[in-house]
Amino acid sequence: SSDKLYLGGIAGAAQSILERIAASRERSEKESTEKESAEKEKAKKERTEKERGDKRSSQQTAILIE
C-alpha cells in the first residue's frame, strides 16, 4: 500500500516535470518564431528603404544630367 503511494508520488512528480519541460519548449519555440518574424520584417523594411533610396538617386542623377 505504501509502495503504491510512493510510486504514485513519483509518477505525479515525473508528469509535472514533463509538463513543465513541454511548456518551456513551447515558449521557446514561440519566442524563436516571433524573433524570426521580427527579423524578416526588419529586413523587408530595410530593402524597401534601400529601394526608395535607389530610386531617389536615379531621379537625382537624371536631374543633374539635364
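Since this is a predicted model, take the numbers as computed values, not measurements.

Cut-offs and rules
Residues numbered from 1 in each chain as written. Predicted model: local features only at pLDDT ≥ 70, side-chain atom pairs only at ≥ 80, totals over all residues. Heavy atoms only, no water. Helix = DSSP H or I, 4+ residues; strand = E, 2+ residues; numbered from the N terminus. Buried < 20%, exposed > 50% of the residue type's maximum accessible area, 1.4 Å probe, protein only. Areas by Shrake-Rupley, 256 points an atom, 1.4 Å probe, with all protein chains shown as cover. Salt bridge = Lys/Arg side-chain N within 4 Å of Asp/Glu carboxyl O. Patch = residues over 30% accessible without salt bridge, like charges linked within 9 Å, V, L, I, M, F, W, Y side chains within 5 Å.

Draft legend 1. The overall build of the chain, seen in detail. Scanning the chain for helices and strands turns up 1 helix and 0 strands. The buried share of the chain, taken over its 66 residues, is 0%. As displayed, the chain has an accessible area near 6500 Å², and 53% of this comes from carbon and sulfur atoms.

Draft legend 2. Examining the pattern of salt bridges more closely. A complete count under the given rule lists 1 salt bridge for this structure. We note a salt bridge from Glu36 to Lys40, for which the minimum N-O separation is 3.5 Å. You can see Glu36 and its partner Lys40 sitting in helix α1 (residues 2–65), 4 residues apart, about one turn around the helix. A residue is classified by how much of its surface remains accessible, and Glu36, at 42% relative accessible area, is partly exposed. A relative accessible area of 54% means that Lys40 is categorised as exposed.

Draft legend 3. Expanded view of a nonpolar patch on the surface. A surface patch of nonpolar side chains, about 350 Å² in accessible area, is lined by Tyr6, Leu7 and Ile10. Relative to the assigned elements, Tyr6 resides in helix α1.

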